[in-house]
Amino acid sequence: MGRGAAAGRGCIRPRLAVGPWGWLGPRAVMFCPMAAAGKAAAFHLPPLPTVGEIIKLFRLRAQKELSQNFLLDLRLTDKIVRQAGKLKNAYVCEVGPGPGGITRSILNAGVEQLLLVEKDTRFIPGLQMLSEAAPGKVRIVHGDILTYKMEKAFPNHLKKNWEDEPPNIHIIGNLPFSVSTPLIVKWLENVSKRDGPFIYGRTQMTLTFQKEVAERLTANTGGKQRSRLSIMSQHLCTVDNCFVIPGQAFVPKPDVDVAVVHFTPLVQPKIQQPFELVEKVVQSVFQFRRKYCYRGVEILFPERERLKKTEQLMMAADVDPTLRPFQLTMAHFRNLCNTYRKMCDEDPSLFAYNYREELGQTKRKHSPESIDQLEQTKEEDHL
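Presented here is a report on the structure given in the accompanying data block. (Residues numbered from 1 in each chain as written. Predicted model: local features only at pLDDT ≥ 70, side-chain atom pairs only at ≥ 80, totals over all residues. Heavy atoms only, no water.)

### A short note on the layout of surface pockets
If you add up the space inside the largest pocket, you get close to 270 Å³. Along the wall of the largest pocket there are 12 residues; nearest its centre are Lys280, Gln283, Ser284, Asn354 and Tyr355. Of the residues forming the lining of the largest pocket, the biggest block, three residues, is contributed by helix 9 (residues 275-285). Considered class by class, the residues forming the lining of the largest pocket number five nonpolar, four polar and three charged. (1 Å grid on protein atoms, 1.4 Å probe; cavity = no way out; pocket = protein on both sides within 12 Å on 5 of 7 lines; lining within 4 Å. Points joined across faces, edges and corners; volume = space filled by probe spheres on them. Helix = DSSP H or I, 4+ residues; strand = E, 2+ residues; numbered from the N terminus. Nonpolar A, V, L, I, M, F, W, Y, C, P; charged D, E, K, R; others polar.)

This is the structure we're talking about:
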């Protein structure tokens, strides 16, 4: 699922394919006038080597350390693409196309333009072959999606106001496990700030995740998978767990199943506070997910005033301190964030306080109790 090597920059111009698949050129040329003139009822790729043949032709091997797994079944790639909605004449960015299975399904959906951001240079020749089969439709960028600037990825005329319907832009990707969580957190921050790929409006995303991560993204109040990721995603987007792909559908087979998740940014976030503040409050609350929620709220405050400030926050936010973190509703988190913001406005140094830094200072004083406390926070610090 992941893609691979060193990050880079730059658009790669397609060139005519020759060699073992020399027959591709004439067929693509025959198809080109129809595609360019827009006379065909629907775009369909000309006959091409299968994804499996591409893998063999270019001697592609999935790299376990990059969490790479290939999806070869085009019925499944078609199903993933359908979750994005109507893609006729749409502009799409595909993240980590790899050997190009989902890429084919996107092109066959009749998109206007397809931007491919691929980190692993081994996949570029196979993607160029697809580009040559769809003249004028594909742009290939060798780069890392975590650092790639998407503010200029699409034409300006596609921009819409945030309150309007989503723009005709989609992000689609079969994400590597190693990058999926940091990437969606990064994009959620972009949603909050309306920058990055969301400078065009409420750009929709259709992405794959480990099944467990997908369950966290969509978990309801009280659910065992309710987590920081649940709150951060659901307060900014409508999040739908579309369907599950069994692990055996991938090559090589991962140890877990995979789920397809669709995101549509909300017109108004459910918590109207800066991303960094919401993240700090939510992360603190879930730091001790098996304990009462007040225990996590406590670490928002320095030790010298911890009890007083925690009681003040919980009372003003009208949150029962004996609820577990996964039992808190979105309204609870909104109240906690709003109240914490007021407290930070009254004391600007409060937001800069870092519980781990204070514990680290205590640890250096060789306090066994504090060391145990620090290890406990690490144990609970997950999404």
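### Some words on the pairing of strand 3 (residues 91-95)
With five of five residues buried, strand 3 is to be regarded as a mostly interior element. Side chains of strand 3 alternate between two faces, with Tyr91, Cys93 and Val95 and Val92 and Glu94 buried alike. With five bridges joining them, strand 3 and strand 4 (residues 113-118) adopt parallel strand pairing. Opposite Val95, over in strand 4, you have Val117 as the bridge partner. Where strand 3 lies against strand 6 (residues 169-173), five bridges are found, and the strand directions are parallel. (Buried < 20%, exposed > 50% of the residue type's maximum accessible area, 1.4 Å probe, protein only. Pairing = 2+ DSSP bridges.)

### Digging into the packing of helix 9 against helix 12 (residues 330-346)
One way to put it is that helix 9 packs onto helix 12 with a least axis distance of 10 Å and a crossing angle of 120°. Comparing the axis directions of helix 9 and helix 12 gives the class oblique. Relative to helix 12, the crossing made by helix 9 is right-handed. Contacts from Leu277, Val278, Lys280, Val281, Val282 and Val285 of helix 9 reach helix 12 at Phe333, Leu336, Cys337, Tyr340 and Arg341. When grouped by side-chain class, the residues that make up the contact of helix 9 with helix 12 number nine nonpolar, no polar and two charged. (Axes fitted to C-alpha atoms, helices over the stretch in contact; angles between N-to-C directions. Parallel < 35°, antiparallel > 145°, perpendicular 65-115°, else oblique. Left-handed = near helix turned anticlockwise from the far one by under 90°. Contact = heavy atoms within 4.5 Å.)

### Description of the nonpolar core
Trp187, Phe209, Phe263 and Leu336 are the most contacted members of the largest nonpolar core, which has 65 residues in total. The greatest single-element share of this core, amounting to seven residues, is contributed by helix 12. Among residues more than four places away in sequence, those in contact with Phe209 are Leu175, Ser180, Ile184, Ala214, Leu217, Asp257, Val258, Ala259, Val261 and Phe263. Residues Val92, Ala134, Val138 and Phe177 belong to the second largest nonpolar core, which totals 33 residues. (Core = buried A, V, L, I, M, F, W, Y, C linked by side-chain atoms within 4.5 Å.)

### Comments concerning the packing of aromatic side chains
Summed over the entire model, instances satisfying the criterion amount to five aromatic pairs. Judged by centre distance (5.5 Å) and plane angle (80°), the ring pair of Phe154 and Tyr200 falls under edge-to-face. Placement of the pair is Phe154 in the loop between strand 5 (138-142) and strand 6 and Tyr200 in the loop between helix 6 (177-193) and strand 7 (204-210), with a sequence separation of 46 residues. Between Tyr292 and Tyr294, the ring centres sit 6.4 Å apart and the planes meet at 35°, which makes this aromatic pair tilted. Tyr292 sits in the partly exposed class, given a relative accessible area of 36%. Lying across the ring of Phe351, Lys280 places its NZ or CZ 4.9 Å from the centre. Note that Arg295 overlies the ring of Phe288, its terminal NZ or CZ placed 4.3 Å from the centroid. (Phe/Tyr/Trp six-rings, centres within 6.5 Å; stacked < 30°, edge-to-face > 60°. Lys NZ or Arg CZ within 6 Å of the ring centre and 35° of its normal.)

### Observations regarding the pattern of salt bridges
Tallying each qualifying case throughout the model produces 10 salt bridges. The closest approach of N and O atoms between Glu298 and Arg295, which form a salt bridge, is 3.4 Å. Taken together, the residues span about one helical turn, with Glu298 and Arg295 both in helix 10 (residues 293-298) at a distance of three residues. As far as burial versus exposure is concerned, Glu298 and Arg295 are alike and both buried. Residues Arg341 and Asp345 are paired through a salt bridge, measuring 3.3 Å at the closest nitrogen-oxygen approach. Here Arg341 pairs with Asp345, and both are found in helix 12, just four residues apart, close to one helical turn. Classification of Arg341 as partly exposed rests on a relative accessible area of 30%. Since its relative accessible area comes to 51%, Asp345 is described here as exposed. Here the salt bridges do not stand alone but share partners, grouping Glu189, Lys193 and Glu276 into one network. (Salt bridge = Lys/Arg side-chain N within 4 Å of Asp/Glu carboxyl O.)

### Comments concerning helix 13 (residues 355-363)
Those residues of helix 13 that sit buried are Tyr355, Leu359 and Gly360. Viewed end-on, helix 13 has its buried residues packed into an arc of 130°, placing them on one side of the element. The N-capping residue of helix 13, defined by a side-chain oxygen 2.9 Å from the backbone nitrogen of Arg356, is Asn354. (Arc of directions from axis to C-beta. Polar contact = N/O pair within 3.5 Å; in protein donor to acceptor, adjacent residues only side chain to side chain.)

### Some remarks on the pairing of strand 5
Across the five residues that make up strand 5, a large majority, four, are buried. Pairing of strand 4 with strand 5 involves five bridges; the strand directions are parallel. By the bridge assignment, Val117 is partnered in strand 5 with Val141. You can see the chain leave strand 4, run along helix 5 (residues 124-133) and come back into strand 5, and the turn it takes is right-handed. (Right-handed = clockwise from strand over helix to strand, strands pointing away.)

These figures come from the coordinates and say nothing about function on their own.
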